[in-house]
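Single-letter residue listing:
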Amino acid sequence: MLPTLRRGDHLLVAPLRGAPSPRPGEVVLARRGSQLVAHRLVAVKRGIAITCGDASSRYDPPLAFRDLLGRVVRVKRSRNPARRLRSWWSNHIRIRRER
C-alpha cells in the first residue's frame, strides 16, 4: 500500500459488523489465508470483493465479502503525522491525527 501505508504503521480498523458496507475507494482489512492485508476496495459484486494495493498495477485475486474484516479509519506513524488516505478513485477517507 505504499505510499499510503508503510511497514510499521499502526492502523485503527472499524469492524464492518453493524456498519454500512464499505465503498470502492476505502481501505479495508481483509483475511487472505492466514494473513491480514490492508488494501483499497475496488468493487463488490454478488458477494465477491476486489481489492488492490495502491502501488500495484493489478487487482488482487477476488475474495468473499465475508473475508473483509473492517475499514481503516486512522493511521498512526511513529515519525510522520497521520495523513489523508488519497485514492486514485474519487472517494477520500479522512484520517484524524492522533495525539
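Every value quoted in this text rests on a predicted model; they were computed, and no experiment measured them.

1. Observations regarding unusual backbone geometry
Residue Arg46 is not a glycine yet carries a positive backbone phi of 50°. Counting through the fold element by element, Arg46 comes out in the loop between strand E3 (35-45) and strand E4 (48-52). Since its relative accessible area comes to 86%, Arg46 is described here as exposed.

2. Notes on the side chain of Asp60
By the secondary structure assignment, Asp60 is in the loop between E4 and strand E5 (63-64). In this structure Asp60 is buried but unpaired, with Arg32 as the nearest side chain of opposite charge at 4.0 Å. Among the polar contacts made by the side chain of Asp60, one reaches the side chain of His39 at a distance of 2.5 Å. Among the polar contacts made by the side chain of Asp60, one reaches the side chain of Thr51 at a distance of 2.7 Å. Residue contacts for Asp60: discarding those within four places in its chain leaves Arg32, His39, Ile50, Thr51, Cys52 and Gly53.

3. Thoughts on the pattern of salt bridges
Taken as a whole and assessed by the stated rule, the structure comprises 3 salt bridges. Residue Glu26 is joined to Arg71 by a salt bridge in which the shortest nitrogen-to-oxygen separation is 3.2 Å. In this pair, Glu26 sits in the loop between strand E1 (10-15) and strand E2 (27-32) while Arg71 sits in strand E6 (residues 68-76), placing the two residues 45 residues apart along the sequence. Arg71 carries the same exposure label as Glu26, and that label is buried.

4. Considering the sheet that holds E3
Overall, antiparallel pairing links the 6 strands, which are arranged E1-E6-E2-E3-E4-E5 in an open sheet. Across the chains shown, the open sheet's two edge strands, defined by having one partner strand only, are E1 and E5. Pairing between E1 and E6: 6 bridges, direction antiparallel. Its bridge partner lying in E6, Pro15 is registered against Gly70.

5. Comments concerning the environment of Leu12
Relative to the assigned elements, Leu12 resides in strand E1. The partly exposed category is assigned to Leu12, whose relative accessible area is 41%. Between the C-alpha atom of Leu12 and that of Arg74, which follows or precedes it by 62 residues, the distance is 5.0 Å. Discounting residues that sit within four places of it in the chain, Leu12 has contacts with Arg71, Val72, Val73 and Arg74.

6. Let's talk about the confidence of the model for the chain
Looking at the chain, the pLDDT average stands at 80 and 78% of residues meet or exceed 70. The spread of mean pLDDT over the elements of the chain runs between E1, the lowest at 90, and E4, the highest at 96. A low-confidence stretch, residues 86-99 stays under pLDDT 50, and its non-local contacts, those more than four residues away or across chains, total 40 contacts.

Reading guide: rules and limits
The residue count restarts for each chain, going from 1 along the sequence in the order it is written. Confidence filtering applies because this is a predicted model: local features only for residues at pLDDT of at least 70, side-chain atom pairs given and counted only at 80 or more, and all residues used for totals across whole chains, interfaces and linings. To obtain the side-chain values, all non-hydrogen atoms of the structure were used and water was disregarded. Going along the chain from the N terminus, every DSSP run of H or I of four or more residues is numbered as a helix, and every run of E of two or more is numbered as a strand. In this scheme, a residue with accessible area under 20% of its type's maximum is buried, one over 50% is exposed, and one in between is partly exposed, where area comes from a 1.4 Å probe on protein chains only. In summary, the charge assignment counts Lys and Arg as positive and Asp and Glu as negative, without counting His or the chain termini. Salt bridges, as used here, are contacts in which a Lys or Arg side-chain nitrogen is within 4 Å of a carboxyl oxygen on Asp or Glu. Between N or O atoms, a polar contact is any pair within 3.5 Å; within protein, one atom must be a potential hydrogen donor and the other a potential acceptor, and residues adjacent in sequence are included only when both atoms are from side chains. Any two residues whose heavy atoms approach within 4.5 Å at even a single point are treated as in contact. A pair of strands is considered paired only if DSSP assigns at least 2 bridges between the two. The quantity known as pLDDT measures the predictor's confidence residue by residue, on a range of 0 to 100.

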